[in-house]
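Letter by letter, the chains look like this.
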Amino acid sequence: MASIVVLGTGFAGNTAALNLKKALGGKHDVVVVSPRKNFSYVPSLVWVGIGSMQPEKTQFNLEPVYKKHGIIFKEGAAVEIHPDSQDQYVVVKYLDGRTEQVKYDYLINATGPKLNYAATPGLGPDAGYSDSICTLPHSVKTRDNYFKALEKMKQGKRQRFVVGTGHGTATCQGAAFEYIHNLEFDLNSRGLRNMADITWISNEFALGDFGVGGVIMKKNGHLVSGKLFAESTFLEKGIKWVERAHVRKVEEGSLDYVNIEGKEGKLDFDFAMLIPPFAGVPIAYIDKDGNDIKSQLCVPSGFMKVDADYASAAKPFEEWKSSDWPKKYNNPVYKNIFAAGIAFAPPHPISKPFKAPDGTLIVASPPRTGMASGIIGHTVALSIIDMIKKGAEEPTQHASMTEFGAICITSMGKSMTRGSAALITMDPVVPNYEKYKFGRNLNYTFGDIGLAGHWVKYMLHYLFMWKMKGKFLWQFIPD
Amino acid sequence: MEEKSVKDLNEYVPYSKEARSFMSPTKYSVFIRTFIPWQLAKFVYYNLKMLFVLSKGHGQFLDK
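Residues numbered from 1 in each chain as written. Chains lettered and ligands numbered in written order. Predicted model: local features only at pLDDT ≥ 70, side-chain atom pairs only at ≥ 80, totals over all residues. Heavy atoms only, no water.

A. Spatial organisation of the sheet that holds strand E15 (residues 245–251) of chain A. Residues and elements named next belong to chain A. The antiparallel open sheet is built from 3 strands, whose spatial order is E15-E16-E17. Both edges of this open sheet fall to E15 and strand E17 (264–268), since each of them pairs with a single strand only. For this sheet, the mean angle separating the axes of adjacent strands, direction not counted, is 25 degrees. Where E15 meets strand E16 (residues 254–259), 6 bridges bridge the pair, whose relative direction is antiparallel. Each residue of the ladder has a partner; that of His246, found in E16, is Val258. (Pairing = 2+ DSSP bridges. Helix = DSSP H or I, 4+ residues; strand = E, 2+ residues; numbered from the N terminus. Axes fitted to C-alpha atoms, helices over the stretch in contact; angles between N-to-C directions.)

This is the structure we're talking about:
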């Protein structure tokens, strides 16, 4: 009997656990370890943060799901991994302080990110002055602060909103882009738009970069840059913007930034929603002699090394290749340890990095959305199933981000009759300039804005909640 | 780099020093975005388009 331990219950971890158990049945153990027993549908947290969706609609308890499927669930945090052969286990620390050694034959690290608010002084809702929509508690707090700003506007006090990224290497610009448009839409719906100044700040080189190097798409007989589309939405709605910026510090009511040309600026705000940079979840990696071997398994930011070419990061942007990106997602030293979703270390950014004159790195980090995380989690699960059932010594399945495409639906207002969303498909996620002139297959790369996009986003919310609950025919819903 | 504002349309004046590429939706485009019969057709089209992208992405599993 083999034991597969999955760390994390997000898109990657939950997809992997459900697929593993479905294929392996009762002959093998699938153990999920997470400090949170709730699945959180992160793409809809933007609506929670604006008050247009109830928090409980984005959550459900995983314990009954795992009980039904025969998956063992341990509600605790993985604090140590001991990867040496004959001694492979994870140390799980429970909420009451107890610890347990959980042995594994295969390990999937799908912990997601640590939200690294500490990278920018004053950033974040816990110890800083900005809000965030990265977790449900943060989204609820953001909503409450937004409602306070609404009250002030109703009393005739003009409010300044700043939305974007809170560090030069942050990712998830798409989430911030959704939030700023939902904010504008909601203010319009309430008749308060004329009482608000809305400003976007981002580390993207240009609007529409989204950490994927931007998108070129076919539109009305032309090849068009996604930058034009993104800019047009801001121009249409009277949103100002600052791009190529690293936020140096956030204080009560203001933030300081520097851009890639070294110019410094300051934005005053009454409400700021800023996405933090991500880092790997802090876990200790210890060999059989008790030595710290984290450097063998992780890059300095804490994300896990997999079968990517990390030496390529030292090369200039123009020399980056599709082969730099991982395909099978297992660690090169400990081949039975996999990383899926945000937990794996990309070899380098997708977008071109720049530095401010003082050396500050400014680049939108690679996003790993729910769809990409789900596909990678599924791929890793299928490889492990082959390794167990067929005795394969190496992972058998591959899914490089330079091979598979992704669908991104960016909400721009939640209403079934007046709402809209930008629907963008890109194939592949990481531009492959060796294969395609513009980096992507233009037959599968397109974008559009409209009400139908909102319907699709709304449909996917319920579809994926169904799938993640492992309900009837869940396996036929794509990742 | 300067903070750009929609009020500063000089950025979009052709031949000016700071001329930029420019796109903004017309009234027709804004109308059609929420015109329900057209959006229903788009909804069907989007779902078909997504299925193509999904089928291609998931084909990686089969291509060993």
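Here the narrative resumes.
B. Spotlight on the interface of chain B and chain A. Each partner contributes residues to the interface: chain B has 35 residues there, and chain A has 55 residues. Where chain B abuts chain A, roughly 4,200 Å² becomes buried across the two surfaces, and 65% of that area is made up of carbon and sulfur atoms. A salt bridge links Lys42 of chain B to Asp448 of chain A; its shortest N-O distance comes to 2.2 Å. Applying the counting rule to chain B against chain A returns 7 residue pairs in polar contact (both at pLDDT 80 or more). (Contact = heavy atoms within 4.5 Å. Buried area = accessible area lost by both parts, 1.4 Å probe. Salt bridge = Lys/Arg side-chain N within 4 Å of Asp/Glu carboxyl O. Polar contact = N/O pair within 3.5 Å; in protein donor to acceptor, adjacent residues only side chain to side chain.)

C. Highlighting the nonpolar core. All names here are of chain A. Formed by 143 residues in total, the largest nonpolar core has its most connected members in Leu20, Ile108, Phe161, Leu187, Trp200, Ile201 and Leu255. Excluding anything up to four places from it in sequence, Phe161 contacts Tyr146, Ala149, Met153, Leu183, Leu187, Ala196, Asp197, Ile198, Thr199 and Phe271. Counting 5 residues, the second-largest nonpolar core is a separate cluster that includes Val299, Phe303, Ile342 and Ala345. (Core = buried A, V, L, I, M, F, W, Y, C linked by side-chain atoms within 4.5 Å. Buried < 20%, exposed > 50% of the residue type's maximum accessible area, 1.4 Å probe, protein only.)

D. Highlighting the pairing of strand E24 (residues 406–411) of chain A. All names here are of chain A. Burial runs high along E24: 5 of the 6 residues are buried. Sheet analysis places E24 next to strand E25 (residues 421–426), joined by 6 bridges and oriented antiparallel. From the neighbouring strand, Ile409 faces E25, where its bridge partner is Leu423.

E. Highlighting empty space enclosed by the protein. All names here are of chain A. Scanning the model with the defined rule gives 3 cavities of 30 Å³ or more in all. In this structure, the largest cavity spans a volume of roughly 170 Å³. In terms of lining, the largest cavity is formed by 16 residues, of which the most central are Gly226, Phe229, Ala230, Ala422 and Ile424. When contributions to the lining of the largest cavity are tallied by element, the ones reaching two or more residues are helix H6 (226–237), E25 and strand E26 (446–450). Top element by residues in the lining of the largest cavity is H6. It accounts for 4 residues. In the lining of the largest cavity, the residues fall into 10 nonpolar, 5 polar and 1 charged. Lining the second largest cavity are Asn109, Thr111, Gly112, Gly280, Val281, Tyr285, Cys298, Gly302, Phe303, Met304 and Ala343. (1 Å grid on protein atoms, 1.4 Å probe; cavity = no way out; pocket = protein on both sides within 12 Å on 5 of 7 lines; lining within 4 Å. Points joined across faces, edges and corners; volume = space filled by probe spheres on them. Nonpolar A, V, L, I, M, F, W, Y, C, P; charged D, E, K, R; others polar.)

F. Inspection of the pattern of salt bridges at higher detail. Applying the stated rule across the entire model yields 23 salt bridges over all chains. With a shortest N-O distance of 2.9 Å, Glu178 of chain A and Lys457 of chain A are connected by a salt bridge. Of this pair, Glu178 of chain A sits in helix H5 (residues 173–189) while Lys457 of chain A sits in helix H9 (residues 451–468), and the two are 279 residues apart along the sequence. You'll find Glu178 of chain A and Lys457 of chain A in the same group, each marked buried. Note that Arg190 of chain A and Asp186 of chain A form a salt bridge whose closest N and O atoms lie 2.6 Å from each other. Taking the relative accessible area as the measure of exposure, Arg190 of chain A reaches 37% and is therefore partly exposed. Relative accessible area serves as the criterion here: at 13%, Asp186 of chain A is assigned to the buried category. One connected set of salt bridges, linked through shared partners, spans Lys219 and Asp448 of chain A together with Lys42 of chain B.

G. Inspection of the side chain of Gln173 of chain A at higher detail. Residues and elements named next belong to chain A. Looking at the element boundaries, Gln173 is found in helix H5. There is a polar contact of 2.8 Å between the side chain of Gln173 and the side chain of Asn203. Leave out the neighbours within four places in its chain, and Gln173 touches Thr165, Trp200, Ser202, Asn203, Glu204, Phe210, Gly211 and Ala364.

Keep in mind these numbers describe shape, not what the thing actually does.
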